[in-house]
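Letter by letter, the chains look like this.
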Amino acid sequence: MMKLYWARGTCALAAHIALEEAGAAYETERVDFATAGQRSPEYLKINPKGRVPALVTDRGVLSENPAILGYIAETFQDAKLASIADSFAFAQMQAFNLFLCATVHPAFAHRFRPERYAESDEAKADVKAKAPAALADHFRLIEDRFSDGRTWVNGDAYSVSDPYLYVFTRWLFRDGMGDPHRFPHSLAHMTRVDCRPAVQRVLAAEDDVAIAP
Ligand SMILES: N[C@@H](CCC(=O)N[C@@H](CS)C(=O)NCC(=O)O)C(=O)O
């Protein structure tokens, strides 16, 4: 059986929701960031990068959200969590997921983990200060994507991109990020994702709640 390593309030929520949406048989193990569980010798054997999510499969461990999400979509094709038969549509989905992974997520890390990027207090403050403006630029692109009236990130069909975007829209509500209501399409999308039974089940399992926009 697959096993997902996750931590509360993290990007691992996307993979957790995708597994639940897929109807996969899986178990989970919480990594406790409060006690630096992600850097424990036991966890570093699972993911030497010391990050969540990590998905243990019968062929080995997968890390990195776009890889995990693509793997879930391809493994559980009946759940229709991606356009598997259409290589171009699949690549477009991956392009969006990689944008979240390589651009949006690091911009949040500048805000929440400035110690990764700078040494002095002054430099860390600078790194933090710049993040909300960068994120506003990224979310404006996401808003543009929804301006054609689409329901989900990739069009009319829900895909693994949706829980992934959901994670970051929720993070807009954290301290210092400015007014999330500047991004109405993203907030409406977050609410649509919240309404999905699989999402409700995962939030309950993670002892988390939907955010009221
Ligand atoms: N590129 C990775 C990023 C994973 C990542 O940074 N996860 C964060 C949680 S959102 C983490 O595990 N942080 C632990 C730490 O920085 O010590 C992915 O998309 O899976």
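Heads up: these notes are all about the structure in this document. (Residues numbered from 1 in each chain as written. Predicted model: local features only at pLDDT ≥ 70, side-chain atom pairs only at ≥ 80, totals over all residues. Heavy atoms only, no water.)

## A few points about the packing of helix H4 (residues 87-112) against helix H6 (residues 161-171)
The relative placement of two packed helices is expressed as an angle between their axes plus a distance between the axes.
Then, number 1: Remark: H4 packs on H6, axes separated minimally by 10 Å, with the N-to-C direction vectors making an angle of 20°. Considered as vectors, H4 and H6 are oriented roughly parallel to each other. Considering the relative orientation of H4 and H6, their crossing is left-handed. Note on element contacts: H6 touches H4 through Ser161, Tyr164, Leu165, Phe168 and Trp171, opposite Met93, Phe96, Asn97, Leu100, Cys101, Val104, His105, Phe108 and Phe112.
Then, number 2: Here the residues of the contact of H4 with H6 are counted per class, giving eleven nonpolar, three polar and no charged. (Axes fitted to C-alpha atoms, helices over the stretch in contact; angles between N-to-C directions. Helix = DSSP H or I, 4+ residues; strand = E, 2+ residues; numbered from the N terminus. Parallel < 35°, antiparallel > 145°, perpendicular 65-115°, else oblique. Left-handed = near helix turned anticlockwise from the far one by under 90°. Contact = heavy atoms within 4.5 Å. Nonpolar A, V, L, I, M, F, W, Y, C, P; charged D, E, K, R; others polar.)

## Here's the deal with a positive patch on the surface
Then, number 1: A cluster of basic residues, Arg39, Arg51, Arg113 and Arg116, forms a positive patch on the protein surface.
Then, number 2: Mapped onto the elements, Arg39 comes out in the loop between strand E2 (26-30) and helix H2 (41-46).
Then, number 3: Classification of Arg39 by relative accessible area gives exposed; the value is 54%. (Patch = residues over 30% accessible without salt bridge, like charges linked within 9 Å, V, L, I, M, F, W, Y side chains within 5 Å. Areas by Shrake-Rupley, 256 points an atom, 1.4 Å probe, with all protein chains shown as cover. Salt bridge = Lys/Arg side-chain N within 4 Å of Asp/Glu carboxyl O. Lys, Arg positive; Asp, Glu negative; His and termini not counted. Charge placed at Lys NZ, Arg CZ, Asp CG, Glu CD. Buried < 20%, exposed > 50% of the residue type's maximum accessible area, 1.4 Å probe, protein only.)

## Digging into the environment of Arg116
Then, number 1: Here Arg116 is to be found in the loop between H4 and helix H5 (121-146).
Then, number 2: Arg116 sits in the partly exposed class, given a relative accessible area of 39%.
Then, number 3: Each C-alpha atom of the pair Arg116 and Lys80 lies 37 Å from the other, and the pair is 36 residues apart in sequence.
Then, number 4: Not counting residues up to four positions away in its chain, the partners in contact with Arg116 are Arg51 and Ala109.

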